[in-house]
Amino acid sequence: MDLNNIVIVLDHPDESRNIGAACRAMANNDIKDLRIVGNKADYDLDHIHVLAIHAGYIFDKARFYNSIKEATADCVICAGTTRRRGKKRGKLFLPEEFAKKAGETAGKVGVIFGNERTGLTDEQLDECNIGVTIPSSDDFGSLNLSHAVQIMSYHLFRESLKSKNKKVAGVTPIHLNRLDETVQNISNNLEKVGFFKMPGREDMEAFWRNILSRAALSESEAKYLEKTFSKISGLAGKNKEIDDKEGK
């Protein structure tokens, strides 16, 4: 695993000091790519650097975005950390399971952490394609943001030590922003053949994005899928023209 491919995303963190402590946790584990969904002007730089100590450079190089989707557009996996399963979450990976999956992945892997008070909402989790949970006490299950970052970063670091001399086999999967182009192509062609009476387009796009992101498509596979659905809609259009001419 190349730890340079690990991306830590903090979604609207409340407390500047937690950001600084998260930077320190990342540096402890050789992870340096920090992205924040929110506005840089909302945070106290002095408080961040006091808690980050010698890891302040991670925040100084951090990039800011308007959404999780934007922050992880160049990622192959977007993993939301959560204690709640949610209606669309499916299997929640344990940190060590997720680290192993990340280690088997060629390309960037985003790990998303929610706001300290609310965690990730269902809507925010829907922008991720897998979920990860950190087991904790039923009596006091809430983890400090930086502690959660430390736990996830540590498991990724340990996995990198295991695979330090191993290469990831196979082709590099497409990024999530490229995957969205394939999903749009599928949806457009399904719409042409009148597919979107039930369910709606939005639900169908979420379904395809979820399924295809877990499939880790290569560029050639994405193009093949696009050509397949384009051909389906084209043939459907020709058949309709024939039926119209014959008065069917």
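Residues numbered from 1 in each chain as written. Predicted model: local features only at pLDDT ≥ 70, side-chain atom pairs only at ≥ 80, totals over all residues. Heavy atoms only, no water.

**Topic: the overall build of the protein**
Next, step 1: Helices and strands together make up the secondary structure of the protein, namely ten helices and seven strands.
Next, step 2: About 13700 Å² of surface is accessible on the protein, with carbon and sulfur atoms providing 51% of the total. (Helix = DSSP H or I, 4+ residues; strand = E, 2+ residues; numbered from the N terminus. Areas by Shrake-Rupley, 256 points an atom, 1.4 Å probe, with all protein chains shown as cover.)

**Section: the sheet that holds strand β4 (residues 75-81)**
Next, step 1: Read from one edge of the open sheet, seven strands run β3-β2-β1-β6-β4-β7-β5, paired in parallel fashion. The open sheet is flanked by β3 (63-65) and β5 (92-93), the only strands paired with a single partner.
Next, step 2: Inspection of the sheet shows strand β2 (residues 33-37) paired to β3 by three bridges, in the parallel sense. Following the sheet pairing, V37 is matched in β3 by Y65. (Pairing = 2+ DSSP bridges.)

**Some points on the packing of aromatic side chains**
Next, step 1: Tallied over the entire structure, the rule returns three aromatic pairs.
Next, step 2: Judged by centre distance (6.1 Å) and plane angle (85°), the ring pair of F59 and F64 falls under edge-to-face.
Next, step 3: Its relative accessible area of 1% is what places F59 among the buried residues.
Next, step 4: Ring geometry for W208 versus F229: centroids 5.6 Å apart, planes at 80°, classification edge-to-face. On the criterion of sequence distance, the pair formed by W208 in helix α9 (residues 201-215) and F229 in helix α10 (residues 219-245) is long-range, its members being 21 residues apart. (Phe/Tyr/Trp six-rings, centres within 6.5 Å; stacked < 30°, edge-to-face > 60°. Buried < 20%, exposed > 50% of the residue type's maximum accessible area, 1.4 Å probe, protein only.)

**Considering the nonpolar core**
Next, step 1: In terms of nonpolar packing, the biggest core is built from 39 residues, with I8, L10, L34, F98 and L156 touching the most fellow members.
Next, step 2: For this core, the element with the most residues is helix α7 (residues 145-162), which contributes six residues.
Next, step 3: Setting aside residues no more than four positions away along its own chain, L34 makes contact with I8, L10, I19, C23, M26, I58, F59, A62 and R63.
Next, step 4: Within the second largest apolar cluster, 25 residues are counted, among which are A71, I112, L125 and L179. (Core = buried A, V, L, I, M, F, W, Y, C linked by side-chain atoms within 4.5 Å. Contact = heavy atoms within 4.5 Å.)

**Digging into the environment of S233**
Next, step 1: Take S233: it is sitting in helix α10.
Next, step 2: On the basis of relative accessibility, which here comes to 11%, the residue S233 falls in the buried class.
Next, step 3: Once the C-alpha coordinates of S233 and N189 are considered, the two residues, 44 residues apart in sequence, prove to be 5.4 Å apart.

**Quick word on the side chain of S187**
Next, step 1: Mapped onto the elements, S187 comes out in helix α8 (residues 176-192).
Next, step 2: Not counting chain neighbours up to four residues away, the residues in contact with S187 comprise F196, R201 and E205.

**Observations concerning unusual backbone geometry**
Next, step 1: A positive phi angle is found at H12, which is not glycine, with a value near 50°.
Next, step 2: By the element assignment, H12 lies in the loop between β1 (6-11) and α1 (16-28).
Next, step 3: Given a relative accessible area of 40%, H12 falls into the partly exposed group.
Next, step 4: The phi torsion at D30 lies on the positive side, around 60°, for a residue other than glycine.
Next, step 5: Looking at where D30 falls in the secondary structure, it is placed in the loop between α1 and β2.

**A closer look at the pattern of salt bridges**
Next, step 1: The full count for this structure, using the stated rule, is 14 salt bridges.
Next, step 2: The partner of D33 in a salt bridge is R63, with the nearest N and O atoms 3.4 Å apart. In this pair, D33 sits in strand β2 while R63 sits in strand β3, placing the two residues 30 residues apart along the sequence.
Next, step 3: By relative accessible area, R63 is classed as partly exposed at 40%. (Salt bridge = Lys/Arg side-chain N within 4 Å of Asp/Glu carboxyl O.)

**Brief notes about the environment of R117**
Next, step 1: Tracing the backbone through its elements, the reader meets R117 in the loop between β6 (108-113) and α6 (122-125).
Next, step 2: Classification of R117 as exposed rests on a relative accessible area of 64%.
Next, step 3: One polar contact links R117 to D14, side chain to side chain, over a distance of 2.6 Å. (Polar contact = N/O pair within 3.5 Å; in protein donor to acceptor, adjacent residues only side chain to side chain.)

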